[in-house]
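Fold and geometry: a report
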Amino acid sequence: MNSNYSNYKLDLFVGREKELKFLGELFDLAWDNKGSFVLIEGETGIGKTRLTEEFLKSIRSQEVTVIRGHGYHKEISPYRLFSEMFRNYFSSINYDTRYLALLLDNLTIVNLEKIVPELREYIPFDTSRIATSPLPPKEEKQRFYDTLLLFFLKLSHRSPLVVNIEDLHWLEPDTFELLRYLVHNFRKAPILVIATARGLEHDSFADNWISGLEDQRLVRRIKLSTLIPEEVKSLVEAFFNQELSESFLKWLLGYTAGNPLFIHETLRAGIEQNAFFFDPVESRWEIKREYVENILEPATIQSVIQRRLQGLDKESRKVLGLAAVVGDKFDLQTLQKISKISSTRLRRTKEDLIIRNLLQKQSEKDAEEEIYRFTHHIIRLHLYQELDPEFKLNMHHRIALILEKECGKNKEKLFQRVEDLAHHYSRGKKDGISLKKTVSFLTQAGLKAQKQYSESKAEQYYDQAIGFLESCPSSKDKDRKLFQVLENLGEVETALGKQDMAIRSYQKALKIGRTHNLLPRFKEAQIHRKIGYAYPIWNMRNLLPPVIVWA
Ligand SMILES: Nc1ncnc2c1ncn2[C@@H]1O[C@H](COP(=O)(O)OP(=O)(O)OP(=O)(O)O)[C@@H](O)[C@H]1O
Ligand SMILES: [Mg+2]
């Protein structure tokens, strides 16, 4: 495989048809002198900037002026957004002196240079004698506001103006105030303002500002959600220029939750680490099995997550860490039992984590059960990797005990939660009893998967069970179990078309059975029959003549 990421192309734009159409409609309204302010919202990497760019691309052929500026983290200087916009604008236009003279009258020059001190350098005519007499501060401010408004209106005089504000959540209060004034006055102008913002923190300045505009019906909101599986599939297949296996797609969806940035970064890390391969038989791209659980976190994702976790207090960190041990999904009760935090405090912490977009409620239909999950599987993996290994062993063990107690002797419940029990017992600390339970639940989970025709899952459970059994001291009981698991494994390997491995598993089972005289004659015959069933298919595959093509 070529491990140079730049050899792969990831420029296809997928989905977002509804959003593009909506932006198009607002733009059409602008041609009719009906201005709008639209806010594109969503978590990091969801595609706010890309959507804006794709929209701007779609209107490129029309005569339109675009003016752009950003909000910056920890912004303190007032109106810097506008300074950036005007600098961008003046450095990109061709100097048509007559047009500039219309655009920049005396008042405009004096007011704009309050935020773009070098303004006169952009102006090709003599400005040396331009000055205005000062007004009292309040009026001075109003004149500044009005001049800026007028300047924007002049920019939209010949054709509609699109004002793009990136990362609005970082703007500082004075900028917000001026922006409110402008948005209010753009309603009857051919001006479309497109702003992007990450999830606005509840009750933050930006959040309240938006609510204020919403009350006045001055804002249209586009909330971007993650890409749907078909979109991810097209995106990644365009990247590889070939098809993708079902399991690879499923893994990628689970790992990235359909966030385009995470998809880009995961593909980059995967290519660099050689985690993917092209299966020539199936003619599809696959992920190597050893990477399914252990792909290294791409650095960008790591920093995105760290940024998200910054500023959490100790208790929230603890709750998140414990939740990460429980799994992608968890219920509050279990969390309370292992955390020993009072339920009121736990609820408060949970609410805060939801607002911070780290957790979310599983789904409305689960509302009664209060099941929550991480907004991203990657966040859980990150937290999990950071935890102390000894702590994780203890916690998994504790969770397994709690789950088992909850199920009691209720077979249905046990059947439902058998995978969770297998998961926590196999990762928890081991003594004689828990080792036995680990093997027992892994075997049961394997049987359940087999019943549900999920052979590759069953294979994983049985492989794990064998691993644990092999670490047990020798005993007749151990061999009896090993025999059973090997026989089951043989079955799933046959079903998966891995006949050579199936025969090996059956033969191992027979050997163990014979050593301890575990096998009644009928059982031995049964296993031989199974070998016989697997053997010819496997053998024939190797003996098949090449395909003859008749002319
Ligand atoms: N619909 C899409 N199809 C294909 N790629 C996409 C899509 N949306 C976003 N991307 C890609 O995902 C990456 C992240 O997108 P983008 O920068 O637009 O996210 P963002 O929401 O603006 O994030 P941030 O909040 O960090 O600014 C980019 O490389 C972008 O090209
Ligand atoms: Mg962005």
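Here the structure is a predicted model, which is why all the values come from computation and not from measurement.

Before going further, it helps to spend a moment on the nonpolar core. Core analysis: the largest hydrophobic core is formed by 93 residues, its most contacted members being F240, F276, L320, L335 and F374. Residue assignment places this core across two domains, with domain 1 (5-10 + 227-296) and domain 3 (473-544) each supplying three or more. Apart from the residues within four sequence positions on either side, L320 is in contact with L309, L312, L353, L358, L359, F374 and L383. The next biggest cluster of nonpolar side chains, apart from the first, holds 54 residues, and it includes Y79, Y99, I191 and A197.

A word on the packing of aromatic side chains. Counted by the stated rule, this structure contains 25 aromatic pairs. Aromatic pair F90 and F151: ring centres 6.0 Å apart, planes at 35°, arrangement tilted. Linking F90 in helix α3 (residues 80-92) with F151 in helix α6 (residues 137-155), this pair joins segments that are 61 residues apart in sequence. Centroid distance F240 to F276: 6.0 Å. Interplanar angle 90°. Geometry classified as edge-to-face. In this pair, F240 sits in helix α9 (residues 229-240) while F276 sits in strand β6 (residues 276-279), placing the two residues 36 residues apart along the sequence.

Assigned domains within the protein: domain 1 (5-10 + 227-296), domain 2 (17-223) and domain 3 (473-544). Centre-to-centre separation of domain 2 and domain 3, based on C-alpha positions: 72 Å.

What follows covers the sheet that holds strand β4 (residues 191-197). Strand pairs in the sheet, formed through backbone hydrogen bonds, run parallel or antiparallel to each other. Across the sheet, 5 strands lie side by side as β2-β3-β4-β1-β5; this open sheet has parallel pairing. Looking at strand neighbours, the two that pair on one side only are β2 (65-70) and β5 (220-223), the edges of this open sheet. Each neighbouring strand pair of the sheet contributes to a mean axis angle of 15°, computed without reference to strand direction. As defined by bridge partners, β2 adjoins strand β3 (residues 161-166) across 6 bridges and the pair is classed as parallel. Bridged to R68 within β3 is N164.

Conventions we followed
Residues numbered from 1 in each chain as written. Chains lettered and ligands numbered in written order. Predicted model: local features only at pLDDT ≥ 70, side-chain atom pairs only at ≥ 80, totals over all residues. Heavy atoms only, no water. Core = buried A, V, L, I, M, F, W, Y, C linked by side-chain atoms within 4.5 Å. Buried < 20%, exposed > 50% of the residue type's maximum accessible area, 1.4 Å probe, protein only. Domains from an automatic or database assignment. Contact = heavy atoms within 4.5 Å. Phe/Tyr/Trp six-rings, centres within 6.5 Å; stacked < 30°, edge-to-face > 60°. Helix = DSSP H or I, 4+ residues; strand = E, 2+ residues; numbered from the N terminus. Pairing = 2+ DSSP bridges. Axes fitted to C-alpha atoms, helices over the stretch in contact; angles between N-to-C directions.

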